[in-house]
Amino acid sequence: MTETVKIKVDGRELEAPKGKLLIEVCLENGIDIPNFCYYPDLTPQAACRMCLVRIERMPKLATSCTVQVQDGMVVTTQSEEVLEARKGMLDLILGNHPLDCPICDKGGQCELQDQVFAHGTVYGRYEVKKNDTREWRLSPFIAYDPQRCVRCYRCIRVCDEVMDVHALGRIFRGAKEVIGPYGIDKGYSLDCEQCGYCVEVCPVGALLSVDSRFRSRPWDMRETITTCQHCADGCQMRLGTRGSQYVRVASKDLKGINGEFLCIKGRYGSSYISSEERLDNPYLRKDGKLVEVGWEEAIKYVAARLKAISAEDRDAVAVLGSPRLTNEAAFALASFARKGLKTSNYGQIADVDLTRFFANLTAPLATHAEVKKAETIFMLGGDPTENNPLSAMVIRYAVRKNGARLLMVNSRRTKIARRQAEMFLHIRRGAEPAVLAALIDSDENAARYAELAKVKPEQLRRLGKAISDSKRLLVVIGPEVNGATLEVAARFAALLKSDSREVKYLILPPYNNSVGTLDMGLRPNGHELKSLFGTKIKALYLAGSNPVEQYGNSWKEALSKLDLLVVADLFMTETAQLADVVFPVNSFAELDGTYTNAVGQVQRVNRALEGTGRTRPDWMIINMLAKEMGLEFGARGSAASIFRDIASEIPAYSGISYDRLRKEWAIQTERKISTTAEQPDALLSALKGEIAKIDLSLDLDREPVRQGSGLFRLGTLTSRVAVMREAFKAKEQVEEATGVR
Amino acid sequence: MSIISDVVETVKAITTGLKITFSYIPRQKLTNCYPDEPVEVFSAYRGEHYLNVDENGKERCVACFLCSAACPADAIYIEAAEDLRPYEERSSVEERYAKVYNIDYGKCILCGFCVEACPKDAIRHGHNFEMAVTNFSDLIKDKEYLLKNRERESRLPVVIIDEVKRRGLSK
Ligand code: SF4
Ligand code: SF4
Ligand code: SF4
Ligand code: SF4
Ligand code: SF4
Ligand code: FES
């Protein structure tokens, strides 16, 4: 416990932990101190001098964003002198500010506007010619208007400290100073992760998102809090819409699990909801061609065909969902298959079988907030920077703020391995089981495992020691860890747990609802079922998946063997083009529902748009089909009532309701944790098969992981986001032409 | 009461009435023979709006949405867009311009708040009051119409009177 001190601000007695910044203490107690450069969790900068206050026994006004509270401090924030100082600072800023609020995208939620209204003078006191500079496009996503910049350096600090990208700097000096990537004057553009965090923290309209340029005004759009649908971290975001159109995504002031963080996909990857390519009517194949039809016709057709096929053999109808579906849709799909069609062939297409992980879990999952507090982090595989950006951010936070020890085992030189890892074991591709075995087995066999993993035995020993030295251990498991290794990894914590050591897990699944759809009963058996297409399985209902794009020809061939393929999706995807019937579904913006993120937190998806009225949520299509087929599976008429069923049927979700979610935002589901004491020998024998599979001809992957290799990948959704498609196509072309990647 | 006094009273009353009537005949008329004659309106009359242009004919509106924010009737709908061409080539003063600018006269109460709110002097009240239509949806006027309204001003069947002069308030 830190010591508390007593201070006096404007005559009010306040208590605060010693060493806390004065501005934070004031703001928490409702005492307004204007500021630009102060930002929570960033290093103090004292650049803007808006936060000046009078502190007794200090010779001059002091910047409250850099002063730490001391016992007995007496502070004045409202005297004539302080108010005059604020006016002066604002005058200096406005001296060279264009004041083109009418055409500035920040207008209406600009901190400078607010400060000037609250603390400024009515008329500017400087009449000098303003620096007239033009706006720059720093990247396809980010624009910069140097004239509006107040030089608070929040952007630079957030990029350096939080993102660890270091893409922005101060170019030139004095009155000519601008913010930008080095070499901007030579035409270099911003080569970074394009997370837009700098845009988010910019207090004024200097850094702007190109994608939402001029689309609306803050007061003219409706903002809906919802959950990102791109990765398994499940960031909360504010989806701005106007009429029936997407406007922008922002995170500002959101008290979600991600604070203000969003990655490129979260911030810029949702405009596909207003894409022209969205399906708006069902399609039915007539004379070999997909033609638009009405709902009734399409449903009748599918119901009749399914009924006929199912009557011969129930298992001839397969139902496959996708890890992108909401919990409600997945639950309806699974119930429809299980109780309605009574087929045993249903599940989802997934590469990693996480059921093996959850069935053997021996320690709880850590929330992102808990990851921030971890003391030792052991990462077995995984590249969160590219694939689970929020996880990467909180891991970086733990290292930066709390000095966590990061022990990394990976076959690739990921960014975290290069920059945050205290210990990095660069292993042979696929050698994760050997490392895990080395940590379990006795020291005698270290040499053998070391050879398998292509590291030195000494390194394995040091890793083992660091893990056994830890007090609060976080075990991060990447998607490379699969099959029996994943199972052992889940059971591994039982060996480490002790009274003096707390162990928690973090997994890095690939999709936003990988965990939730599993919980709802969609087993990851898609690839197995594929081999039965055309033989045992005659018809397939495929919701929200595009395996042809993802896995290519093998799926294309398999799907063509089916008698009936029904696809429910947003777009006419490569897979939908093969279908006999295509149903247009609602996007996440037109739905109510929930997602369960990687750490098992249930979060709401809120309906932001009405949609065209001709698309339907996945669960509603299922209901329509079941009704037409005369099947009873416990259909419900709303997402909320489906969720009530989920809460009563699935133990991990019991007690969770939309009401609670509205108040608590994110509720972590409770996972069954096995308490049996593990025998190292049992774990080792479980690993044997996997160790035997290690391919000794494979070498280390020495190439560092390229920035954007995961972030900038175009998938079914992101390729329908105009700004992304253009940006990444252009990038690819440059890379192809120059050969530099 | 005699009949005579009745007659006298009646004639008196009629004379009083007719006196007023005849006294008004030579006076200035307050009504207009609209539409045969133009109507007089004050210069500050708040008629149908027009969208203003600058000295080179470029649209002044920058689609800042302030008029629509000020509008108590929610009558203005704007969509902004970007035109990165140089000033000479584009049709607007700034790079930001209104791609769509609609006023719904089914909602507008001609209060003038929008004119007041505009930072660019881009919207003004004209003097047209002939806004009746036979189809409700025709009450929504688009940008092209509102821009043309400026030229239409000179052809309106109205005589604009400067109330400052008329009341003898000018110095
Ligand atoms: S940054 Fe703020 S004050 Fe400056 S032009 Fe934009 S809205 Fe106006
Ligand atoms: S977008 Fe993100 S990575 Fe790029 S400069 Fe801004 S903060 Fe840094
Ligand atoms: S661009 Fe924005 S965040 Fe960066 S220094 Fe300028 S005002 Fe501050
Ligand atoms: S980290 Fe994941 S959940 Fe968060 S914004 Fe990015 S893609 Fe979305
Ligand atoms: S005159 Fe009044 S009601 Fe009409 S558009 Fe302008 S602000 Fe709205
Ligand atoms: S907030 Fe303290 S100097 Fe900027």
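Quantities reported herein were computed from a predicted structural model and do not represent experimental measurements.

1. Some points on the overall build of chain A
Here's step 1: Scanning chain A from N- to C-terminus turns up 26 helices and 30 strands.
Here's step 2: The C-alpha radius of gyration of chain A comes to 28 Å, within 12% of the 27 Å expected for a compact globule of 741 residues.
Here's step 3: Structurally, chain A occupies a C-alpha span of about 90 × 70 × 55 Å along its principal axes.
Here's step 4: For chain A, buried positions account for 59% of its 741 residues.
Here's step 5: Counted over contacts in chain A with a minimum sequence separation of 6, partners at least 24 positions apart contribute 71%.
Here's step 6: By element, 49% of the accessible surface of chain A is carried by carbon and sulfur atoms, the whole surface being about 30700 Å².
Here's step 7: Mean positive and mean negative side-chain charge positions of chain A (102 and 95 charges, respectively) differ by 1 Å.

2. Considering helix 23 (residues 639-649) of chain A
Here's step 1: When we look at burial in helix 23 of chain A, the residues that qualify are Ala 639, Ser 641, Ile 642, Phe 643, Asp 645, Ile 646 and Ala 647 of chain A.
Here's step 2: Where helix 23 of chain A is buried, its residues contact helix 8 (327-341), strand 27 (593-596), strand 28 (601-605), helix 22 (618-629) and helix 24 (658-664) of chain A.

3. Structural notes on the sheet that holds strand 27 of chain A
Residue and element names in this part refer to chain A.
Here's step 1: If you trace the three strands from one edge of the open sheet to the other, you get 27-28-29, paired in antiparallel fashion. Every other strand in the sheet has two partners, leaving strand 27 and strand 29 (666-668) as the edge strands with one partner each. Shown here is a sheet whose adjacent strand axes are inclined to one another by a mean of 30°, direction ignored.
Here's step 2: Across the sheet, helix 8 lies against strand 27 and strand 28, angled at about 95° from strand 27, the strand it touches most.

4. Re the nonpolar core
As a rule of thumb, soluble globular proteins bury nonpolar side chains together.
Residues and elements named next belong to chain A.
Here's step 1: Membership of the largest hydrophobic core comes to 171 residues, with the highest contact counts inside it found for Leu 112, Ile 377, Tyr 541 and Phe 583.
Here's step 2: A total of nine residues in this core trace back to one element, the largest contributor, which is helix 8.
Here's step 3: With residues up to four places along the chain from it excluded, the contact list for Ile 377 reads Ile 395, Ala 398, Ala 404, Arg 405, Leu 406, Leu 407, Leu 474 and Val 476.
Here's step 4: Counting 52 residues, the second largest nonpolar core, distinct from the first, contains Leu 354, Phe 357, Ile 477 and Ile 694.

5. Considerations on the site of ligand 4
Here's step 1: Close to ligand 4 lie Cys 228, His 230, Cys 231, Gly 234, Cys 235, Phe 261, Leu 262, Cys 263, Gly 266, Pro 389 and Leu 390 of chain A, which account for all nearby residues.
Here's step 2: Classifying every residue of the shell around ligand 4 by side-chain character gives eight nonpolar, three polar and no charged.

6. Some details on the environment of Leu 290 of chain A
All names here are of chain A.
Here's step 1: With respect to the element layout, Leu 290 can be found in strand 15 (residues 289-292).
Here's step 2: When the C-alpha positions of Leu 290 and Asp 580 are compared, they lie 7.4 Å apart, and in sequence the two are 290 residues distant.
Here's step 3: Sequence-distant contacts of Leu 290, that is, excluding residues within four places in its chain, are made with Tyr 283, Leu 284, Arg 285, Met 572, Ala 576, Gln 577, Ala 579, Asp 580 and Val 582.

7. Focus on unusual backbone geometry
Residue and element names in this part refer to chain B.
Here's step 1: The omega torsion across Tyr 34 and Pro 35 is 5°, close enough to zero to call that bond cis.
Here's step 2: Of note, Pro 35 is situated in the loop between helix 1 (3-24) and strand 1 (39-42).
Here's step 3: Of note, Phe 65 is a non-glycine position whose phi angle comes to about 75°, a positive value.
Here's step 4: Inspection of the secondary structure puts Phe 65 in the loop between strand 2 (49-51) and helix 2 (66-70).

8. Some words on the environment of Asp 10 of chain A
Here's step 1: Checked against the element boundaries, Asp 10 of chain A lands in the loop between strand 1 (4-9) and strand 2 (12-17).
Here's step 2: The contact partners of Asp 10 of chain A, leaving out residues within four places of it in the chain, are Ile 31, Val 75, Thr 76, Thr 77 and Gln 78 of chain A.

9. Some thoughts on the pairing of strand 18 (residues 376-380) of chain A
All names here are of chain A.
Here's step 1: The buried count for strand 18 comes to five of five residues, which makes it a mostly enclosed element.
Here's step 2: Residues of strand 18 alternate between two faces, with Thr 376, Phe 378 and Leu 380 on one and Ile 377 and Met 379 on the opposite face, all of them buried.
Here's step 3: Judged from the five bridges that link them, strand 18 and strand 19 (residues 405-410) form a sheet pairing that is parallel. Bridge pairing links Met 379 to Met 408 in strand 19.
Here's step 4: Two elements, strand 18 and strand 22 (residues 472-477), share five bridges in a ladder whose sense is parallel. Note that in strand 22 the partner of Phe 378 across the bridge is Val 475.

10. What about the confidence of the model for chain B?
Here's step 1: Chain-level statistics for chain B give a pLDDT mean of 92 and a share of 97% at 70 or above.
Here's step 2: Two numbers describe this predicted complex: its pTM, 0.92, and its ipTM, 0.83.

11. Quick look at the interface of chain A and chain B
Here's step 1: Counting from both sides, the interface comprises twelve residues of chain A and, opposite them, 17 residues of chain B.
Here's step 2: Together, the buried faces of chain A and chain B total about 1200 Å²; carbon and sulfur atoms form 57% of this surface.
Here's step 3: Inspection of the region where chain A meets chain B yields four salt bridges.
Here's step 4: Notably, a salt bridge pairs Asp 105 of chain A with Arg 96 of chain B, separated by 3.4 Å at the nearest N-O pair.
Here's step 5: Linking chain A with chain B are six residue pairs in polar contact (both at pLDDT 80 or more).
Here's step 6: When grouped by side-chain class, the residues that make up the side of chain A that touches chain B number four nonpolar, one polar and seven charged.

12. So, the packing of aromatic side chains
All names here are of chain A.
Here's step 1: Within this structure, the stated rule accounts for 14 aromatic pairs over all chains.
Here's step 2: Three or more aromatic residues joined by ring pairs form one cluster here, namely Phe 141, Tyr 268, Phe 712 and Phe 728.
Here's step 3: Over the face of the ring belonging to Tyr 397 we find Lys 372, whose NZ or CZ atom lies 4.5 Å from the ring centre.
Here's step 4: Sitting over the face of the ring of Phe 571, Arg 720 holds its NZ or CZ atom 4.5 Å from the ring centroid.

13. Quick word on the side chain of Ser 271 of chain A
Here's step 1: One can find Ser 271 of chain A in the loop between helix 6 (264-268) and strand 14 (283-286).
Here's step 2: In this structure, Ser 271 of chain A is in contact with Tyr 246, Val 721 and Ala 722 of chain A, ignoring residues within four places of it in sequence.

Criteria and cut-off values
Residues numbered from 1 in each chain as written. Chains lettered and ligands numbered in written order. Predicted model: local features only at pLDDT ≥ 70, side-chain atom pairs only at ≥ 80, totals over all residues. Heavy atoms only, no water. Helix = DSSP H or I, 4+ residues; strand = E, 2+ residues; numbered from the N terminus. Rg over C-alpha atoms; globule rule 2.2 N^0.38 Å. Buried < 20%, exposed > 50% of the residue type's maximum accessible area, 1.4 Å probe, protein only. Contact = heavy atoms within 4.5 Å. Areas by Shrake-Rupley, 256 points an atom, 1.4 Å probe, with all protein chains shown as cover. Lys, Arg positive; Asp, Glu negative; His and termini not counted. Charge placed at Lys NZ, Arg CZ, Asp CG, Glu CD. Pairing = 2+ DSSP bridges. Axes fitted to C-alpha atoms, helices over the stretch in contact; angles between N-to-C directions. Core = buried A, V, L, I, M, F, W, Y, C linked by side-chain atoms within 4.5 Å. Near = heavy atom within 4 Å. Nonpolar A, V, L, I, M, F, W, Y, C, P; charged D, E, K, R; others polar. pLDDT = per-residue confidence, 0-100. Buried area = accessible area lost by both parts, 1.4 Å probe. Salt bridge = Lys/Arg side-chain N within 4 Å of Asp/Glu carboxyl O. Polar contact = N/O pair within 3.5 Å; in protein donor to acceptor, adjacent residues only side chain to side chain. Phe/Tyr/Trp six-rings, centres within 6.5 Å; stacked < 30°, edge-to-face > 60°. Lys NZ or Arg CZ within 6 Å of the ring centre and 35° of its normal.

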